[in-house]
Amino acid sequence: MKKQSSQTGVKEIAKRGNVSIATVDRVIHNRPGVSAKTKAKIEAIIKELNYQPNVLASRLSSGKVFHFAVLIPKSSVYSDFWEAPLKGIMKAESEIKQYGVTIENFLFDLTNKDSFIQATEEIKEKNIDGVLMSPSFVKEADEFFLYCKANNIPVVCIDSNIEAQGSLSYIGPPLFESGYLGGSLCKLGLSENPKILIVNIAKQKKSFNLEQIEAGFKKFFASPPNEATCVNLNIQDIDQESVELHLQKAFIQNPDIEAIFVTNSRVFAVAEYLKKKALTDLMLVGYDFLKENQKHLQQGTINFLICHKPEEQGYKGIMSLYHSLALNLPVEKIYYMPIDIVTKENQNFYR
């Protein structure tokens, strides 16, 4: 049956059900004050008429303003990765601000745990309806999540997730599978049972992301014919000089390294070292379409970049909060981003 306008539809449902328009409105918006028998009758008529209420019009008429907080790292001299999610967040904001949504950004320093804590304290002082968060500091993010849960503030996580807490939605990469793919890429063109260096350049020695990516990577090499010797190198002093000193020691101890897998976007720091030492014949695989990474990919120092559409993560994260809170629409509990492989040959066409 042809869909009817909002006003005509509600009147027709009320007429057929022999009830008031107010009663129909309560059923449509799942409000109390209607008996189970009447509710079932109205719902049957709605289904018969294929009536779909104009939720957006209802939202606008309510006049309620929703205030979302964004808690993500800021870009730094070490990485411009977070420019992309922020761009997606700004795009979403431009689309929905006319519908009574305001967004406030709380950007923290990825190298400073205290800046994350300070940002969470600032959010607690605000009247926030929903949070978009990257839980970069696991323990502190977990504590903030418990606060949000106690205050009925839904949280959408991007880039990585707090699995134990149950966010409204996780939008980001399938980390284990991403690491497994990294192993597959590293294996290309290598000898039987090669030695591979797994490099993590981050202030935190371990994180949920790293553990999942590393587990997937090592799983690929766990059985024949893909067996390999994996050597871990955790670098917590992330300036270029310190990175190069750690790499130099690793090569002295393991001169037979054939490939390097970097678990995050700072693969360019390793590429810079390999270029200086004329070790560009080594297989190098890392993450994210950063400007510095693109440069080394074009030069051939980096062989593959694994990318997870960070701009779309930011955009979809905000829209998920909007759909759930403002429009009362269901959102996907887990929305995995595609795992893209970018090479020298296709990088000019990648967005």
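Everything that follows concerns the structure shown earlier in this document.
The rules behind the values
- Residues numbered from 1 in each chain as written.
- Predicted model: local features only at pLDDT ≥ 70, side-chain atom pairs only at ≥ 80, totals over all residues.
- Heavy atoms only, no water.
- Helix = DSSP H or I, 4+ residues; strand = E, 2+ residues; numbered from the N terminus.
- Buried < 20%, exposed > 50% of the residue type's maximum accessible area, 1.4 Å probe, protein only.
- Contact = heavy atoms within 4.5 Å.
- Areas by Shrake-Rupley, 256 points an atom, 1.4 Å probe, with all protein chains shown as cover.
- Pairing = 2+ DSSP bridges.
- Axes fitted to C-alpha atoms, helices over the stretch in contact; angles between N-to-C directions.

Student: Hey, could you run me through the overall build of the protein chain in this one?
Tutor: Secondary structure summary: the protein chain contains 13 helices and 12 strands in total. Seen through its C-alpha atoms, the protein chain measures out along the principal axes to roughly 85 × 45 × 35 Å. Taken over 351 residues, the protein chain has a buried fraction of 47%. The contacts in the protein chain between residues at least 6 apart in sequence include a share of 69% that link residues at least 24 apart. Total accessible area on the protein chain is roughly 17400 Å²; 50% of this is exposed by carbon and sulfur atoms.

Student: Explain the sheet that holds strand β6 (residues 195–201) here, please?
Tutor: Within a beta sheet, neighbouring strands are joined by backbone hydrogen bonds and run either parallel or antiparallel to one another. Ordered by their spatial adjacency, 6 strands build an open sheet running β7-β6-β8-β9-β10-β12, and the pairing between neighbours is mixed. The open sheet has two free edges, formed respectively by β7 (229–235) and β12 (340–342), since each of these has just one partner strand. On average, each strand axis in the sheet is inclined to that of its neighbour by 20 degrees, with strand direction left out of account. As paired elements, β6 and strand β8 (residues 257–262) share 5 bridges and run parallel to each other. Within β8, the position partnered with Val 199 by the bridge is Val 262.

Student: Explain the environment of Pro 174 to me, please; I cannot follow it from the model alone.
Tutor: You can see Pro 174 is positioned in the loop between β5 (169–172) and α8 (175–187). It is 9.6 Å that separates the C-alpha atoms of Pro 174 and Ile 334, two residues lying 160 residues apart in sequence. Ignoring anything within four residues of it in the chain, the contact list for Pro 174 reads Tyr 336, Met 337 and Ile 339.

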